Amino acid sequence: MVYRVAIEANIAIAQLPSTVNSLVQVVEIHQINHEATQHNFEGIVTELREIRGLRTESQPILKHLFGRQEDGES
């Protein structure tokens, strides 16, 4: 029984480098995916800021146009 446990322990220890390498590969893949997601997120945030800026710039024009239209309809 003790001999069997020792053999199983030795097998598990022998498999550790392979297991660690597999885990490192998984982490590397997730890191690449995370970086791509972060890049996409930053691009979306930049686009939203641009849209918000355009909206802010166009707001006075829209108020002027619609205000004028409302005055003409009265």
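Scroll up for the structure.
Residues numbered from 1 in each chain as written. Predicted model: local features only at pLDDT ≥ 70, side-chain atom pairs only at ≥ 80, totals over all residues. Heavy atoms only, no water.

Moving on to the environment of Leu 54. Mapped onto the secondary structure, Leu 54 falls in helix α1 (residues 2-73). On the basis of relative accessible area, Leu 54 is assigned to the exposed category, the value being 55%. (Helix = DSSP H or I, 4+ residues; strand = E, 2+ residues; numbered from the N terminus. Buried < 20%, exposed > 50% of the residue type's maximum accessible area, 1.4 Å probe, protein only.)

For side chains bearing opposite charge, pairing can occur when the charged atoms are close. The final tally for this structure, using the stated rule, is 1 salt bridge. Of the charged contacts in the structure, one is a salt bridge between Arg 4 and Glu 8, with a shortest N-O distance of 3.4 Å. Within this pair, Arg 4 and its partner Glu 8 are both found in helix α1, separated by 4 residues, close to a single helical turn. What makes Arg 4 exposed here is its relative accessible area of 56%. When its relative accessible area of 45% is taken as the criterion, Glu 8 is described as partly exposed. (Salt bridge = Lys/Arg side-chain N within 4 Å of Asp/Glu carboxyl O.)

Right, let's get into the environment of Ser 22. Along the chain, Ser 22 turns up in helix α1. Judged by relative accessible area, Ser 22 falls into the partly exposed class, the value being 38%. Measuring from C-alpha to C-alpha, the distance between Ser 22 and Gly 67 comes to 66 Å, with 45 residues separating the pair along the chain.

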